[in-house]
Amino acid sequence: MAGYRITESYEDLRKQVRAFAAEIVRPLVPIMERDREVRHDLAKAIARQGWTSATVDPEYEGLGLGHYAKTVILEELARENGAAAAIAQAGIIPTGALVHFGTDEQKNTWLPAIAAGDCLPAIDVTEPGTGGDVLAMRSRGERVDERTYVLNGRKVCVGNSHVATLHLVVVRTAEGSGGLTAFLVEADRPGISCPAHVPFLGLNGFSCGEVALTDCRVPVANRVGEEGDGLLVAHAASILYGRPNLAALSLGLQQAAWEGVAERVKDERLRVHQTIQQRIGDIHRRLITSRVVLYDAVNRLDNGLACDEELIAAKLEVVKAAETTTREALNVHGAREGLFVDHPAERRFRDAHCIEFPAGTSDFQRYRLSLEALGRRNRPLSERFATPRQRAEVPA
Ligand SMILES: Cc1cc2nc3c(=O)[nH]c(=O)nc-3n(C[C@H](O)[C@H](O)[C@H](O)COP(=O)(O)OP(=O)(O)OC[C@H]3O[C@@H](n4cnc5c(N)ncnc54)[C@H](O)[C@@H]3O)c2cc1C
């Protein structure tokens, strides 16, 4: 049954990721914060770890560790740096979609390449005029002959936009809710391009940018699922992978924020204040409840239990907690430390806010939960697509 569990093997995995983060990510953080440019080297280093394939079966050379282990990986990366974790999570979402919707040929071609770090994928759904409302998208795919589609349109806020070697693009091939279709588009295929990278509020080093499709010819063999499956592909990827991934990032940021606060309040002059003690109590409470809510949800997923609502609630809860905790941490650090751009507390505060948007804003999560609560349910995607698995084995 589902439940929050800590095992030695997960803790070993945690140590492995922590060591990578300290050795490879940490030295890059000041440079990423200063330059605000896309870090291709970091994306490659993360891809090479194989973590993007954490939930991919060993049959396709994936790690086969499951969602719980994947959560440990993302939490630990985010504890060090939000951008590093964002790179990994943005690759995990389309990988998950390929696992559930790809043809044998697509899986045999791409999943081993992802596992080896030779391919880092992105999922391209959002458009200038549509975020949460996926059905409002305007990018189009037109079948021009027996073997070819031509794609045209503009995607924005695509995670890993500038570092991905493969894009899972969802476009409109017909009108209505059954009119979206997903395609694999290799980044070097003529007709797909990325305009100059524009940094935003946080997650410096991560590319979350625009992808343009201009008469991009794509073979029918690159279609993922059937024509009309695009909405399901996008929703399943977002619920089963996006929501828990982003909650894991928010958990890692909270953990790091707490550690920063703990260090700061070693100063006796601060600890004596009741207001500081109250804040510490709240930060600790949010960290504990976030951990329980998230790990319980992914454990359910690993066990093949219906848990769409738990995954949505986990995203809502943990993201909100991270936003509050990183803001409170700034207060505890005080202006002398917290407000300066080279202090990690300030970076975490910005990063935590960026995580509110992907896989749907908190408003959108509440809306989705209200639909579930009011009984407007379809068969849960978690039940439909999750592979039951018992305790995942983590390699030494
Ligand atoms: C760090 C980051 C990574 C991202 N990664 C990807 C990616 O890999 N691929 C991709 O395709 N996109 C990605 N996105 C885009 C992301 O999915 C969108 O930002 C998200 O869907 C919300 O869309 P929006 O920002 O356009 O807001 P909108 O959906 O336009 O919402 C605007 C406002 O209306 C509110 N609102 C909208 N709908 C509802 C509703 N039904 N109920 C209540 N309130 C509502 C929102 O809360 C918000 O306040 C990423 C974004 C960020 C910031």
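Computed from a predicted model, the values in this text were never measured in an experiment.

Caption draft 1: Looking closely at the packing of helix H4 (residues 67-80) against helix H7 (residues 230-264). Across the interface, H4 lies against H7 with an axial gap of 7 Å and an inter-helix angle of 40°. For the element pair H4 / H7, the angle class is oblique. Remark: the crossing between H4 and H7 carries right-handed chirality. In this structure, H4 uses His67, Lys70, Thr71, Leu74, Glu75, Ala78 and Arg79 to contact H7, whose residues at the interface are Leu240, Tyr241, Pro244, Asn245, Ala248, Leu249, Leu251, Gly252, Leu253, Gln255, Ala256 and Glu259. A per-class count over the contact of H4 with H7 returns 10 nonpolar, 5 polar and 4 charged.

Caption draft 2: Examining the confidence of the model for the protein more closely. Of all residues in the protein, 96% attain a pLDDT of 70 or more, and the chain-wide mean is 93. Across residues 390-396 the pLDDT falls below 50, and counting only partners more than four positions away or on other chains, this stretch makes 15 contacts in the model.

Caption draft 3: Summary view of the site of the ligand. Of all residues adjacent to the ligand, which total 19 residues, the nearest are Ile123, Thr126, Cys157, Thr361 and Asp363. Here an oxygen atom of the ligand and a backbone polar atom of Gly132 are 2.8 Å apart. At a separation of 3.0 Å, an oxygen atom of the ligand approaches a polar backbone atom of Gly159. In isolation the ligand offers 970 Å² of accessible surface; the protein chains occlude 67% of this area. Given that more than half its atoms are within 2 Å of the pocket grid, the ligand belongs to the largest pocket. Those elements that place two or more of their residues in the shell around the ligand are strand S1 (121-124), strand S3 (148-159) and helix H13 (362-373).

Caption draft 4: Just the packing of aromatic side chains, in detail. Inspection of every chain in the model, using the stated rule, returns 6 aromatic pairs. Judged by centre distance (4.5 Å) and plane angle (40°), the rings of Tyr10 and Tyr68 are tilted. Taken together, the residues Tyr10 in helix H1 (residues 8-25) and Tyr68 in helix H4 connect sequence positions 58 residues apart. Comparing Tyr10 with Tyr68, the two get one shared label, buried. Seen in terms of ring centroids, Tyr68 and Tyr295 are 4.8 Å apart; in terms of plane orientation they differ by 50°. Their pairing is tilted. Pair noted here: Tyr68 is in helix H4 and Tyr295 is in helix H9 (residues 274-302), with a separation of 227 residues, a long-range link. Residue classification places Tyr295 among the buried residues on the basis of a relative accessible area of 1%. Among the aromatic side chains, those forming a connected cluster through ring pairs are Tyr10, Tyr68 and Tyr295.

Cut-offs used in this document
Residues numbered from 1 in each chain as written. Predicted model: local features only at pLDDT ≥ 70, side-chain atom pairs only at ≥ 80, totals over all residues. Heavy atoms only, no water. Axes fitted to C-alpha atoms, helices over the stretch in contact; angles between N-to-C directions. Helix = DSSP H or I, 4+ residues; strand = E, 2+ residues; numbered from the N terminus. Parallel < 35°, antiparallel > 145°, perpendicular 65-115°, else oblique. Left-handed = near helix turned anticlockwise from the far one by under 90°. Contact = heavy atoms within 4.5 Å. Nonpolar A, V, L, I, M, F, W, Y, C, P; charged D, E, K, R; others polar. pLDDT = per-residue confidence, 0-100. Near = heavy atom within 4 Å. Polar contact = N/O pair within 3.5 Å; in protein donor to acceptor, adjacent residues only side chain to side chain. Areas by Shrake-Rupley, 256 points an atom, 1.4 Å probe, with all protein chains shown as cover. 1 Å grid on protein atoms, 1.4 Å probe; cavity = no way out; pocket = protein on both sides within 12 Å on 5 of 7 lines; lining within 4 Å. Sits in = over half its atoms within 2 Å of the grid points. Phe/Tyr/Trp six-rings, centres within 6.5 Å; stacked < 30°, edge-to-face > 60°. Buried < 20%, exposed > 50% of the residue type's maximum accessible area, 1.4 Å probe, protein only.

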